[in-house]
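# Structural characterization, general
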Amino acid sequence: MTQGAPRTPARRTVLGAAGAAAFGAPAVLAAGAGPARAADSGRPHGQGHGRGYRSLPVPTVIAHRGASGYRPEHTLGSYRHALDLGAHVIEQDLVPTRDGHLVCRHENDITGTTDVADHPEFASRKTTKSVDGVSYTGWFTEDFTLAELKTLRAKERIPGTRQENTLYDGRWTIPTFEEVLRWADEEGRRRGREIWLHVETKHPTYFRSIGLALEERLAKLLRRHGRHRADSAVFLQSFEPGSVRRLSKLVDSPLVVLLSGANTRPWDFVESGDPRTVADLVTPAGLRWIASYAQGIGPTLDLVIPKDATGRLTTPTTLVRDAHAEGLILHPYTQRNENAFLPADYRVGTDPAAYGDAFGALKRYFGTGIDGIFSDHADTALLAAEDFRAR
């Protein structure tokens, strides 16, 4: 999740605090927008109904990269802790190894999330690459075999903000997605319930261009583990609509199109010359096009409630109502407890790493009628969802 997120802790903290402060909602979003109330959003809030993803509680709490507010992200320890906290769904981001295995990392650049820099045997692998038009220098999963990656250990990505998480540095390796599927099956048997996953293809156009296409590999694993059906306990997601459309032809699992800032363009659109921006995709016509092949959208929270120039929340857009009118569910991203990542009107004190009024912010977001939310702190989001349902 978090397309194009900066990978250095300091920059991430600054952007979390104020990066969206200057976000300007386009006229098609903001004009005439009023609060989209749960009562008129077309979705009941409470226990889900039916089969498949309609059976999930609403609002659904999706553990963003696992319990990443408490453990190094995308580790089995993070995923397990998220389940222990009560998360309804656990998210994975997928990137490939040189020998074609899918592993769980937010980015193919593993410089900040592993101890690769401490391995002299891999010093020569450090390189500079352009990924989706942005230049990065570091170590990349596609330059390692799975066996080589397994010699590395995971560590906290933003230690400046989450110092406590560094206690767990080095405890876990990088999991493959197949390992996660086996783990989910085992946890499901142990806990007596299905373990839901929310799986993202990262930079799919880039990886297809270097001969490491993600979708076919992912579909093969889903079929092997029986998660390829319309009622399977898995969502498949991507910031590239083309990847979602490709997956729609390979499996019947529920699909979600992720949506970044209004003025951005999906990278596959850039590559193909499609002039549409995210602002075009969140119009009724754009949402109707998404609904022709997907079941949901995952917008940035700023597309649901924009911020003003000071970083404070303003008036909700019509996105929730418009998406529900097309039969789409909404799983916006990402809720975090720290001041650095909260809207300015919900920060407490001046320490960016301290917790702010996360419950107040979640109350505002849930009040728009969203169907769920990605959260680094699933326990906080679950309590807020319980409060919301009890209104």
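Our subject in this report is the structure included herewith. In this numbering scheme, every chain counts its residues from 1 along its sequence in written order. Given that this is a predicted model, residues contribute local features only at a pLDDT of at least 70 and side-chain atom pairs are listed and counted only at 80 or more, while totals for whole chains, interfaces and linings are drawn from all residues. Remark: hydrogens and water are excluded; side-chain values derive from all non-hydrogen atoms of the structure.

## Re the overall build of the protein
Strands here are runs of E lasting at least two residues and helices are runs of H or I lasting at least four, both read from the DSSP assignment and numbered beginning at the N terminus. On a plain count of helices and strands, the protein comes out with 15 helices and eleven strands. Throughout this description, buried means an accessible area under 20% of the type-specific maximum (1.4 Å probe, protein chains only), exposed means over 50%, and partly exposed covers the range between. In the protein, which comprises 391 residues, the proportion classed as buried is 59%. By definition, residues are in contact when any of their heavy atoms lie within 4.5 Å. Pairs at least 24 residues apart make up 69% of the contacts formed inside the protein by residues separated by at least 6 positions.

## As for the environment of A358
Residue position: A358 is located in helix 14 (residues 358-366). A358 sits in the buried class, given a relative accessible area of 3%. Placed eleven residues apart in sequence, A358 and R347 show a C-alpha to C-alpha distance of 8.3 Å. The residues contacting A358, other than those within four sequence positions of it, are Q335, N337, L342 and T380.

## Observations concerning the side chain of H88
Topologically, H88 is positioned in the loop between helix 3 (76-85) and strand 2 (89-96). For H88, a relative accessible area of 14% translates into the label buried. Pairing of N or O atoms within 3.5 Å defines a polar contact, subject to two protein rules: one partner must be a possible hydrogen donor and the other a possible acceptor, and residues neighboring in sequence count only if both atoms are side-chain atoms. At 2.9 Å, the side chain of H88 and the backbone nitrogen of V61 are in polar contact. Those residues in contact with H88 that sit more than four places away from it in its chain are L56, P57, P59, T60, V61, R193, W196 and L382.

## What about helix 11 (residues 284-291)?
Restricting attention to buried positions, one finds in helix 11 the residues G286, L287 and I290. An end-on view of helix 11 places all buried positions within 95 degrees of arc, on one side of the element. Contacts from the buried residues of helix 11 go to strand 8 (255-259), helix 10 (278-281), strand 9 (296-299) and helix 13 (319-325). The arc in question is the one spanned by the directions pointing from the helix axis to the C-beta atoms.

## What about the pattern of salt bridges?
The salt bridge definition used is simple: a Lys or Arg side-chain nitrogen within 4 Å of an Asp or Glu carboxyl oxygen. One pass over the full model with this rule turns up 22 salt bridges. A salt bridge links R208 to E215, with the shortest nitrogen-to-oxygen separation between them at 2.8 Å. Among the residues examined, R208 registers a relative accessible area of 31% and is labelled partly exposed. Note on E215: relative accessible area 2%, which makes it buried. Each member of the salt-bridge network shares a partner with another, and the members are R80, D84, E187, R190 and R191.

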